[in-house]
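Observations on chain architecture
Each chain is listed here by its residues.
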Amino acid sequence: MNFTIQFLKEKQSQLIEQLRNENASIPETLQQKKDIDKAIAWLENIEKHHLEYPTHYEWVELPWMKTGYFTDYRIMNDCETDDRQYWIEFKPPFTVTPLDFLLIKKPK
């Protein structure tokens, strides 16, 4: 992964130099730079979290349940019981809302 990130950073530097020298079609070169910026950001995030092959994960989009504009999802540990008094809520420093994604690691 590091090789790919470094390769893209080199291409990014070349595009920046082209933009400075105006030796390129500005809109096309700028779009290429934005695309590379996005790719580098994604790859660095993947590297940071030590994610494996994409086929090892499933993306799940939380559905819009038409229950109101300020509806949040809660993530619970059910402690292997249906009795809700024993459930423990995971309270992240962020809100999980409809149309957010969960990245679920598939069992091996």
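Up top is the structure.
Now for a look at the structure at hand. From a predicted model like this one, the values you see are computed outputs, not experimental measurements.

Comments concerning the packing of aromatic side chains
Tallied over the entire structure, the rule returns 3 aromatic pairs. Centre to centre, the rings of Trp-42 and Trp-59 are 6.4 Å apart; their planes meet at 70°, and the pair counts as edge-to-face. Of this pair, Trp-42 sits in helix 2 (residues 26-48) while Trp-59 sits in strand 1 (residues 57-61), and the two are 17 residues apart along the sequence. Summarising the aromatic geometry, the rings of Trp-59 and Phe-101 are spaced 5.8 Å apart at their centres and angled 80° between planes, so their arrangement reads as edge-to-face. Within this pair, whereas Trp-59 is found in strand 1, its partner Phe-101 is found in strand 4 (residues 101-105), the two being separated by 42 residues in sequence.

Some details on the pattern of salt bridges
If charged atoms from side chains of opposite charge come close, those side chains can pair. Per the counting criterion, the structure on display carries 5 salt bridges. Among the salt bridges present, the one from Lys-9 reaches Glu-44, with a minimum N-O distance of 3.0 Å. Of this pair, Lys-9 sits in helix 1 (residues 2-21) while Glu-44 sits in helix 2, and the two are 35 residues apart along the sequence. Classification of Glu-44 as partly exposed rests on a relative accessible area of 36%.

Topic: a negative patch on the surface
A cluster of acidic residues, Asp-78, Glu-80, Asp-82 and Asp-83, forms a negative patch on the protein surface. Its place among the elements puts Asp-83 in the loop between strand 2 (75-77) and strand 3 (88-90). Residue class for Asp-83 comes out partly exposed when judged on its relative accessible area of 33%.

Thoughts on helix 1
Between its terminal C-alpha atoms helix 1 stretches 29 Å, which fits the 28 Å expected from 20 residues at 1.5 Å a residue. Every buried residue of helix 1 is accounted for by Ile-5, Leu-8, Gln-12 and Leu-15. For helix 1, the angular spread of the buried residues around the axis is 80°, confining them to a single face. Those residues of helix 1 that are exposed and aimed more than 90 degrees away from the buried face are Phe-3, Phe-7 and Arg-20. Elements in contact with the buried residues of helix 1: helix 2. Looking one or two residues past helix 1, Glu-22 carries a phi angle of roughly 55°, positive in sign.

How each quantity is defined
Residues numbered from 1 in each chain as written. Predicted model: local features only at pLDDT ≥ 70, side-chain atom pairs only at ≥ 80, totals over all residues. Heavy atoms only, no water. Phe/Tyr/Trp six-rings, centres within 6.5 Å; stacked < 30°, edge-to-face > 60°. Helix = DSSP H or I, 4+ residues; strand = E, 2+ residues; numbered from the N terminus. Salt bridge = Lys/Arg side-chain N within 4 Å of Asp/Glu carboxyl O. Buried < 20%, exposed > 50% of the residue type's maximum accessible area, 1.4 Å probe, protein only. Patch = residues over 30% accessible without salt bridge, like charges linked within 9 Å, V, L, I, M, F, W, Y side chains within 5 Å. Areas by Shrake-Rupley, 256 points an atom, 1.4 Å probe, with all protein chains shown as cover. Lys, Arg positive; Asp, Glu negative; His and termini not counted. Charge placed at Lys NZ, Arg CZ, Asp CG, Glu CD. Expected span 1.5 Å × (residues − 1). Arc of directions from axis to C-beta. Contact = heavy atoms within 4.5 Å.

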